[in-house]
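Residue-level structure breakdown
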Amino acid sequence: MAGNAPVTTRPQLAGTFGMVASTHWLASAAGMAVLEKGGNAFDAAVATALVLQVVEPHLNGPGGEVPVIGFDAAAGEVFVLDGQGPAPAAATLAAFESLGLDLVPGTGLLAACVPAAFGTWMLLLERYGQLHLREVMEYAIGYARDGYPMLATASATIEAVAGTFRDHWPTSAEIYLAAGRPAPGARFANPALAAFYSRVLAEAEAAGASRDRQIEAARRTFYEGFVAEAIAAYLDRAEVMDVSGRPHRGLLAGQDLADWRAGVEAPVTFDYAGLTVCKTGPWGQGPVFLQQLALLSGFDLAGMGATSADLIHTVVECAKLAFADREAWYGDPRASDVPVDALLSPEYASARRRLIGAEASGELRPGSPGDVVARLPGYALAGFSGSAASGAAGARGHDAGAGEPTAGTAARVVPVPELGPGDTCHLDVADSFGNLVSATPSGGWLQSSPVIPGLGFCLGTRAQMFSLTPGFASTLAPGRRPRTTLSPSLALRDGEPYLSFGTPGGDQQDQWTLTFFLNHVLFGMNLQEAIDAPGFHTDHFPSSFYPRGSVPRSLSVEARAGEQVIAELRRRGHQVEVTPPWSLGRVSAVARDGGFLYAGANPRGMQGYAVGR
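1. Overview of the confidence of the model for the protein chain
Averaged over all residues, the pLDDT of the protein chain equals 93, while 93% of them reach at least 70. With pLDDT under 50 throughout, residues 386-395 is counted as low confidence; its partners more than four residues away or in other chains account for 11 contacts. Note that pLDDT drops below 50 for residues 405-422; the model gives that stretch 50 contacts with residues more than four away or on any other chain.

Below you can see the structure in the form of C-alpha cells.
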C-alpha cells in the first residue's frame, strides 16, 4: 500500500489511530473528533453523517436514505443496514393511474418514501457504536444553529430553484431565501433544523441515562413522535407543484413511519483479484458492480494498461450489459424473486462476455438468467426504439431537483444549473479496533421537495426509481423498497477488512468506483492515485431518475485521458463527450494494510477531505 510517493493532488494519509474520509471537510473533522474522544468507527460515521445533513443540504438530509455496509471487528463479519425506506401504503399503481401519470415525478411529494436516514443512523449507533447520543449529535446541532460556510454548489442550487420556492414552495423559501440567496462562502444557519435535532436529543435524554434507551427514544421521537406528527400534518393539507407541471398531494402517512424500522442483512459478495467485494442486495444497484467484475474477470485488463482505450472500451461495454440486467431484474428481494446467484454465476458471465466486440454497442441487452426471458419497461426501450419518442427519452438530463444531476438540462419548473458531476454524499471510516464502515447518504435534497414546516428539512423522492409497469421487481407496490442507486462498497482480504470506498453519482456510482477499484487493485495505485486518475462513464442505459432517459453509445471521459485515447474511442463508435479535466467522480476511500490505516479523498469540487493519524 505504501509504495513509492507519486505526485498526487493531496497525500494518501497513513497512520494507526483512525481515518475518516467524506465529501465535506467539516463532516470529516467531526468524525475524527469522535474518534479522538474514544468513539469507534461507527460512532464517527454517525457524527460525520449528521454533519453532512447540515452542510450539504442539496445532497442529503434527515428525510432521505442511506445504505450502510460495515465490518464489525467484535463479531468478525460484514453487515448491511437496509437504509432505504419503502413506498407508502397508499402508493399503488392504481393511485398513479388515476392521476394520469406513467412515471413517478422526480420532485414534490408523490415520490416520498418512508424517510430512512435517521432510523438507520440510530441503528448503527445503537448496535455497533459505543458513545451516547449527545456525543455524536452535538456537531450537527452546532453547525445548524451557529452556521457554516455555504458551498458554491449549494448556493447555485438555491438560485436555480428560487422561483419554485417563491411561487410554489414557501416553506423552503422561509429557510433558504429569508435574506436572499445565500452567497458562496457566506455563513448560513438553519435554526429550524437545529431545533429539530435539539428537541430529538432532549426527548431522548429525558428517557433516562441508559445509552440504548436514549437512542431508541430518539428513533421513536422521529417515527412516532413530534417529527412524524409534523410530517403527517403537513402532508394532510399540502398540495404542491412537482416536475409534472401539476400540483399533487403526497401519499406518505404517519402510520407508514410508525410501521418502519431499519434492519440488518448480509451482503452480496463476489471474489475478484484476491479480494471479496461486498455490496448491498438488489434493492440497491450494488450487485451491478459485482456483475461488472464477473464480466471483466475474463479479460486481461492489466495487460491493457490503466486508462487505455482498450481498457475504457472493455469496461464500458461490460457496464452496458450489467446495467441492462439491473433494469430488467433488480428490485426488492423481499417482494420479488431476484436471480442474484444466477446473474453472478461464471456460466452466465461467460455467455454474456461473448457479446462484447471491438465496436461500441448501441443496444440495450439484458440477459436471461436461468433461461427466463428478460423484459424491459417502456421507458427503458424508448431511447433505443428509433421512434419519434426516442429523441425525448434519449435526453439524459434531469428536471429541476428530480435527481442527482450529472449534467444540466432544461426543466419544466425551473432551469437546472450546471451542477457538475457531484451529488449525494459519501463517507468511509476506519478505527484502530479493526472496524470499517462505508455509507452513501442521499435524498431529502432541498431542491426536490418542500421543507416540512417546523423541521427545517424536506422529504426524499426515491420513489421515482419505481417502474409503473406491472410485473417487474422494480414495480411500485406498497411496502416495497425502490431500487436505489446508492452503493457503498467494502472489500475483504483473507476474511479481514481491507478497503472501504464509494462515491456520489447516481447511476455513475458503480462506474466511478469501479475505475478506482481497478486502478488500485490491478494497477497498484495507492488510494489517492486511484482517486485522482482520469474518470469515465456511460449513460447508455436508462437513468434511474425522472424522466428515465438513455443516451445510447454515450461515453463521458475526462480530458486528461488524452487525445489519442479519445480519438481511438471515437473510432470504435463511442459517442464521446470530453469533460473538463477534473469533473467525473467524488470517490473517497479508507483501507487497512500491514498494520497501518490509509485514506484518500476526492479533489474534484474542492470539497471532499480525509483526516487521520
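2. Observations concerning the packing of helix H13 (residues 287-296) against helix H20 (residues 509-521)
Packed helix pairs are characterised by how far apart their axes lie and by the angle those axes make with each other. In the contact formed by H13 and H20, the axes pass within 10 Å of each other and the chain directions differ by 45 degrees. If you check the angle between H13 and H20, you find them oblique. Both H13 and H20 take part in a crossing whose hand is right-handed. Residues Val288, Phe289, Gln292, Leu293 and Leu296 of H13 touch H20, and the partners they reach there are Asp510, Thr513, Leu514, Phe517 and Leu518. Considered class by class, the residues forming the contact of H13 with H20 number 7 nonpolar, 2 polar and 1 charged.

3. Thoughts on unusual backbone geometry
The omega torsion of the bond from tyrosine 546 to proline 547 falls at 5 degrees, within 30 degrees of zero and hence cis. Positive phi values are uncommon outside glycine, yet arginine 548 reaches one of about 70 degrees. Topologically, arginine 548 is positioned in the loop between strand E16 (536-537) and strand E17 (554-558). Positioned with a positive phi, methionine 606 is a non-glycine residue whose angle comes to about 50 degrees. As for its position among the elements, methionine 606 is in the loop between strand E20 (596-600) and strand E21 (609-612). For methionine 606, a relative accessible area of 67% translates into the label exposed.

4. Some words on the pattern of salt bridges
For the structure on display, the rule yields 30 salt bridges. Ionic pairing is found between arginine 134 and glutamate 205, a salt bridge with its closest N-O pair at 2.7 Å. With arginine 134 in helix H5 (residues 133-146) and glutamate 205 in helix H9 (residues 191-205), this pair connects stretches of sequence that are 71 residues apart. Residue class for arginine 134 comes out partly exposed when judged on its relative accessible area of 43%. Between aspartate 507 and arginine 326 there is a salt bridge whose closest N-O contact spans 2.8 Å. Taken as a pair, aspartate 507 in the loop between strand E15 (496-502) and H20 and arginine 326 in helix H15 (residues 309-329) lie far apart in primary sequence, 181 residues in all. Relative accessible area serves as the criterion here: at 2%, aspartate 507 is assigned to the buried category.

5. A word on the sheet that holds strand E14 (residues 489-493)
Pairing in this open sheet of 7 strands is antiparallel, and the strands run E1-E20-E19-E15-E14-E11-E10 from one edge to the other. Each edge of the open sheet is held by one strand with a lone partner, namely strand E1 (13-15) and strand E10 (268-272). Strand-to-strand twist across the sheet, computed as the mean angle between neighbouring axes with direction ignored, equals 20 degrees. Pairing geometry for strand E19 (residues 588-593) and E20, over 5 bridges, is antiparallel. Opposite aspartate 593, over in E20, you have phenylalanine 596 as the bridge partner. This element, H20, spans E10, strand E11 (275-279), E15 and E19 of the sheet and lies at about 135 degrees to E15.

Parameters at a glance
- Residues numbered from 1 in each chain as written.
- Predicted model: local features only at pLDDT ≥ 70, side-chain atom pairs only at ≥ 80, totals over all residues.
- Heavy atoms only, no water.
- pLDDT = per-residue confidence, 0-100.
- Contact = heavy atoms within 4.5 Å.
- Axes fitted to C-alpha atoms, helices over the stretch in contact; angles between N-to-C directions.
- Helix = DSSP H or I, 4+ residues; strand = E, 2+ residues; numbered from the N terminus.
- Parallel < 35°, antiparallel > 145°, perpendicular 65-115°, else oblique.
- Left-handed = near helix turned anticlockwise from the far one by under 90°.
- Nonpolar A, V, L, I, M, F, W, Y, C, P; charged D, E, K, R; others polar.
- Buried < 20%, exposed > 50% of the residue type's maximum accessible area, 1.4 Å probe, protein only.
- Salt bridge = Lys/Arg side-chain N within 4 Å of Asp/Glu carboxyl O.
- Pairing = 2+ DSSP bridges.

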